[in-house]
Amino acid sequence: MKIAIATKEYTAVSGHAGQARHWLFYDLSAHRSGQLLPPPRFIELAKEQVLHHFQDDGPHPLDGVDIIVAGSAGDGFIRHMKKRGAEVLLTGESDPAVAITRILAGEALPDQRFDLTTTLCKLRDLFSRH
């Protein structure tokens, strides 16, 4: 399983997945229960790779991700990621380490907080190509 967490400068779960440039990428393919969590790979997306703008016209650094974790995302982003094979989990948890630990333990993530940008994204998504 591969999990990517949208972050603000790699320290807190980002409130807007489609605009996030900094991602923590966990490849848990060889991870077993009871093992220490492997360190994440730090991914910084170039401006044209930011998922709000990415044209799906080539490979992407987040290709192959099974789960994306973020504080918020619009419906267009969620549909776009589903087409790319990734499930999007939205959460109010701000600590990426706590979020990944809860996912691996099979625990529910806390509900996301209100985010005005999500409301704006939902309006924008009405006209989205995704």
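Trainee: Is there a simple way to think about helix α2 (residues 96-104) in this case?
Mentor: Because each turn of an α-helix spans 3.6 residues, side chains separated by three or four positions in sequence point in the same direction. Here α2 has its buried residues at P96, A99, I100 and I103. For α2, the angular spread of the buried residues around the axis is 95°, confining them to a single face. Where α2 is buried, its residues contact β1 (2-8), β2 (12-13), β3 (22-27), β5 (67-70) and β6 (87-90). At the exit of α2 stands G106, carrying a positive phi of roughly 80°.

Trainee: Looking at this model, I keep getting lost on the pairing of β1. Mind explaining?
Mentor: Remark: a regular strand shows side chains that alternate across the two faces of the sheet. Buried residues dominate β1, accounting for five of its seven residues. Relative to β5, β1 is paired through three bridges, and the arrangement is parallel. Paired with I3 across the bridge in β5 is I67. The sheet contact formed by β1 and β2 spans two bridges and is antiparallel. If you follow T7 over to β2, its bridge partner there is V13. Between β1 and β2, which pair antiparallel and follow one another directly, the connecting turn spans three residues, one of which, E9, has a positive phi of 55°.

So, how was this worked out
Residues numbered from 1 in each chain as written. Predicted model: local features only at pLDDT ≥ 70, side-chain atom pairs only at ≥ 80, totals over all residues. Heavy atoms only, no water. Buried < 20%, exposed > 50% of the residue type's maximum accessible area, 1.4 Å probe, protein only. Helix = DSSP H or I, 4+ residues; strand = E, 2+ residues; numbered from the N terminus. Arc of directions from axis to C-beta. Contact = heavy atoms within 4.5 Å. Pairing = 2+ DSSP bridges.

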